[in-house]
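The lines below spell out each chain.
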Amino acid sequence: QTTLERLVKSAQKLSAPDALGVMRTFSLALNLVNAAEVHHRLRVIREHEMKPDRSVGPLPMTEDSMRGTIDALLEKGLATPDEIYNQLTKQTVEIVLTAHPTEVNRRTNLKKYRQITELLAYLERKDLHPYERTEAMMDLRRKISSLWGSDEIRRQKPTPQQEAFGGIAILESVAWDAVPAYMRKLDAQCSVSLHRRLPVNAVPIKFASWIGGDRDGNPNVTPEVTSEVINLQRLRAAKLYLADMNKLYSELAIASRFSDDMIALANTITESKDKREKYRRVIGHLRKRLVKTIKECESKLADQQWEQYRSEDSSSSIAGWEKVEPLFEAEELAKPLRVMYDSLVSTGYEMVADGLLIDVMRRLAVFGMTLVPLDIREESTRHTEALDAITRWLGIGSYKEWDEDARLSFLQSELANKRPLFRVSGLYQMGLDETVIKTLRVFQVAAAQKPESMGAYVISQAQTASDVLAVMLLQKSFGMTPENGNMMRVSPLFETLDDLVNAPGVLETLFSITSYVGAVKGRQEVMVGYSDSAKDAGRLAASWALYESQEKMAAVAKKHGIELTFFHGKGGTVGRGGNPALYRAILSHPPNTINGRFRVTEQGEMITQNFGSPAIAERTLDIYTAAVCREAFTKHVEPTKKWRQEMDRISEVSCNDYRQLVREEPRFVPYFRQATPELELGSLNIGSRPAKRNPKGGVESLRAIPWQFAWAQTRTMLPAWSGVGAGLAAKVCRSRTDFLTDSFSLSH
């Protein structure tokens, strides 16, 4: 007998409890390996940072670091120091956190694994006393023992509020410190490599969130949930800034030398015990306003079950908050901080200004007063149903039955009309369906928020120009207009092969409408879906469709003078658009489609992987910043006509092969259901979102995540390769093989 045969026989003899124990052992072992790998990643980062090199700087000397990127650009003559500096000051990467259900580990256990990673680093210290080493080893064993006894799976589905709190926890515990720490290193690197410091307000990284706003197929994300999450985010941001202000109050105990602007600002605050220490006088006033903000947010959340998420703070010890106004917008806090910073610099306290104060200013530029702006995502059909109900109630016909031209005519006419489409105050007296009211209530909630609390309104399954105008009209009905300064930017999401092919035509229609271009102020955001397009057409065909669609949409935008930003909906796995070589993946995007603006989702387990610790979070921010900067000076390989013809052929063969298997092969669905734990995964309490958009639908309505997840459990990885082989290795002649070889060589 071979070793494998003996192993199989042993496994067959295991009782169910013993089998469970074996599986738990392997699960725990693999998670511990992951914790050790995280420690190793941190160690490698540190080794790169300490590596002697002819260039110097705090960032690691690697290709995908800002330090390596600057050196490469200068050495190859691709950019001057001024060009690199200007690019850094204007580019933006926005990382959007989502609650996509791909993180199976409980947050409690993730925290323990993070502590194990920290213990491994501690045990590598060479100055440890034998007693300290023994205690650390005992602590390590305690944590492993605790993990063995813990429940690995959630027994209840998390609510959207709990998911939001998990996202906020990452921002609070990691990103809040990682952002200013990375900005300090980037600033120092610019001083060394470019001989110029970054402006105080230059922050190439931003964050946003879908958690609590993503309603696409998730009935648990109600308008009330969205309102609660926004208030919770404001509450947590105010408490974080209050903690910073308390530290600043202690740090800026300076009683002499102030600028005229600082004196004038301090004189506007009459009620203060700090007569001579003017910085403290201003900070003390800001603390009162932050406490007022905290009290208002807590009051709004008083009727909700949020007590377990509240943490102690020092707000109760600050008197006089009742007499001041709360802080609503970031600029209300940023303006006095700028005055203090300029005063310190101009009066000889530059080193003090470059301490905690500049960190707070950079945090404010990244996180604002809401921690993260919240996107809303909803299906296009929901808006169609809402407008159909309204037009029927108005007696002007069925919006749903109108063709595209009729819809566009109606929408443009109503958008230009000064009167509202319907009386919002009579929403509940119109006899509308509960689903329609729920859709409209989302706009009502969004209209009640401060503009900086809201991000983009993403339309999933967008197919036509009317889908975009419909959302604009519904916003207008609730007072969200360009004139009022509170209109959410509308981002259509193209996520199937047909939608990607038709997307340039949709933009052409929109940009041909003068009033639309004026309303969006010459800027447009478009989201492209990697997961659903791959599930629809296969990975290879989807990749080529994404490439061509972005190229053509960029050309349409350029033709009409529109600043176009692509929002990339990617997951962690290859089948969902993920790529472990993030730096090179960004460089491989189509020419003229990034232009210093890159918006991307960070989903599920990737949030933990890329932002699980401050050092790794800093590295992630560095890779994104470096890649977008390098892309701006990259001379892309332009596909020739022959390339395009061959890729069209390969893509078509690949798509047909994939769809023949997934859609037409009668044995496929039964095989999928029997060979993968698809049905069992649907019952796991991973996220608040159902596994299917349509609970009664089959595989076609299955979301891309459980589709990928199910195959991953069998290690088949079908979504990543199905159709690729047929496209690349079909009966091709020698010239086509040469084409593939030449294409690969030129692109590298």
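Per-chain numbering applies: the sequence of each chain, read as written, is numbered from 1 onward. Two thresholds apply to this predicted model, a pLDDT of at least 70 for residue-level local features and 80 or more for giving and counting side-chain atom pairs, whereas whole-chain, interface and lining totals are computed over all residues. Just so you know, side-chain values use all the structure's heavy atoms and leave hydrogens and water out.

Enquirer: I tried to follow the nonpolar core on my own but got confused; where do I start?
Expert: Generally speaking, nonpolar side chains in soluble globular proteins are found buried as a group. Grouped together as the largest cluster of nonpolar side chains are 99 residues, with contacts concentrated most on M66, F207, Y241, L337 and F367. Starting at the N terminus, helices and strands are each numbered in turn, a helix being any DSSP run of H or I of at least four residues and a strand any DSSP run of E of at least two. In terms of residues, this core owes the most to one element, helix α7 (residues 160–193), which gives 14 residues. Leave out the neighbours within four places in its chain, and F207 touches E94, I95, L171, A175, V179, V366, F367, V372, P373, F611 and L621. L408, V468, M472 and Y530 belong to the second largest nonpolar core, which has 64 residues in total. We define a nonpolar core as any set of buried Ala, Val, Leu, Ile, Met, Phe, Trp, Tyr and Cys residues linked to one another through side-chain atoms lying within 4.5 Å. Exposure classes here rest on a 1.4 Å probe applied to the protein chains alone. A residue is buried below 20% of its type maximum, exposed above 50%, and partly exposed in between. Contact definition: two residues touch when any of their heavy atoms are within 4.5 Å.

Enquirer: Quick question: what am I supposed to make of a nonpolar patch on the surface here?
Expert: A residue counts toward a patch only above 30% relative accessible area and without a salt bridge, and it is joined to like-charged neighbours within 9 Å or, for Val, Leu, Ile, Met, Phe, Trp and Tyr, to nonpolar neighbours within 5 Å. Values of accessible area rely on a 1.4 Å probe in the Shrake-Rupley scheme; residue burial ignores everything except the protein chains shown. Every case where a carboxyl oxygen of Asp or Glu lies within 4 Å of a side-chain nitrogen of Lys or Arg is listed as a salt bridge. A cluster of nonpolar side chains, L4, L7 and V8, forms an exposed patch at the surface whose accessible area comes to about 300 Å². Note that L4 resides in helix α1 (residues 3–12).

Enquirer: Explanation requested: the environment of H568 in the structure shown.
Expert: By the secondary structure assignment, H568 is in strand β7 (residues 563–569). On the basis of relative accessibility, which here comes to 1%, the residue H568 falls in the buried class. Each C-alpha atom, one on H568 and one on R599, is 6.1 Å from the other, the two residues being 31 residues apart in sequence. Those residues in contact with H568 that lie beyond four places of it in its chain are V528, Y530, Q550, H589, F598, R599, V600 and T601. For H568, the side chain forms a polar contact with the side chain of Y530, separated by 2.9 Å. Here a polar contact means two N or O atoms within 3.5 Å. Within protein one must be a hydrogen donor candidate and the other an acceptor candidate, and residues neighboring in sequence count only if both atoms are side-chain atoms.

Enquirer: Explain helix α4 (residues 81–90) here, please?
Expert: Three- or four-residue spacings in an α-helix give side chains the same orientation, since the helix completes a turn every 3.6 residues. Restricting attention to buried positions, one finds in α4 the residues I84, Y85, Q87 and L88. Buried residues along α4 cover an arc of 160° about the axis, so they all sit on one side. Buried residues in α4 make contact with α3 (66–75), α7 and α23 (614–632). Directions pointing from the helix axis toward each C-beta atom define the arc.

Enquirer: What exactly am I supposed to notice about the pairing of strand β6 (residues 523–529) here?
Expert: Successive side chains on a regular strand alternate, one facing one side of the sheet and the next facing the other. Within β6, six of the seven residues are buried, which leaves it mostly tucked inside the rest of the structure. Sheet topology places strand β5 (residues 489–494) next to β6; two bridges connect them, and they run parallel. Each residue of the ladder has a partner; that of L493, found in β6, is M527. Here a strand pair is declared whenever DSSP counts at least two bridges between the two strands. In this structure, β6 lies alongside β7, joined through seven bridges in parallel fashion.

Enquirer: Hey, could you run me through α23 in this one?
Expert: Expected span of a helix, by definition, is 1.5 Å for each gap between consecutive residues, and there is one gap fewer than residues. If you check α23, its first and last C-alpha atoms are 27 Å apart, about what 19 residues at 1.5 Å a residue would give, namely 27 Å. Of all the 19 residues making up α23, 16 are buried; the element is thus mostly covered by neighbouring parts of the structure.

Enquirer: Just to check I follow, could you spell out the packing of aromatic side chains for this structure?
Expert: Note on aromatic pairs: each is described by the distance of the centres and the angle between the planes. Note on aromatic contacts: the rings of Phe and Tyr and the six-membered ring of Trp form a pair at centre separations within 6.5 Å, being stacked when their planes are under 30 degrees apart, edge-to-face when over 60 apart, and tilted otherwise. Scanning all chains against the criterion turns up 21 aromatic pairs. Measuring from centroid to centroid gives 5.3 Å for W402 and F410, while their planes differ by 70°, and the two rings are edge-to-face. When its relative accessible area of 21% is taken as the criterion, W402 is described as partly exposed. Using a relative accessible area of 11% as the deciding quantity, one classes F410 as buried. Relative to W711, the ring of W707 has its centre 5.9 Å away and its plane inclined at 85°; by these criteria the two rings are edge-to-face. Within this pair, W707 and its partner W711 are both found in helix α27 (residues 704–713), separated by four residues, close to a single helical turn. With respect to class, W707 is no different from W711; both count as buried. We call a charge positioned above a ring when the Lys NZ or Arg CZ atom is no farther than 6 Å from the ring centre and deviates by at most 35 degrees from the ring normal. When the ring centre of Y249 is taken as reference, the NZ or CZ atom of R287 above it lies at 4.2 Å. The lysine or arginine in question, K535, covers the ring of W707, its NZ or CZ lying 5.9 Å from the ring centre.

Enquirer: Could you clarify how one ought to interpret the state of the cysteines in this entry?
Expert: What we call a disulfide is simply a covalent bond connecting the sulfur atoms of a pair of cysteines. Two cysteine sulfur atoms make up a disulfide if the distance between them is within 2.5 Å. One pass over the structure, following the stated rule, counts zero disulfides. Summary of cysteine pairing: C629 is not part of a disulfide, and the nearest cysteine sulfur, belonging to C190, is at 8.7 Å. C629 sits in the buried class, given a relative accessible area of 0%.

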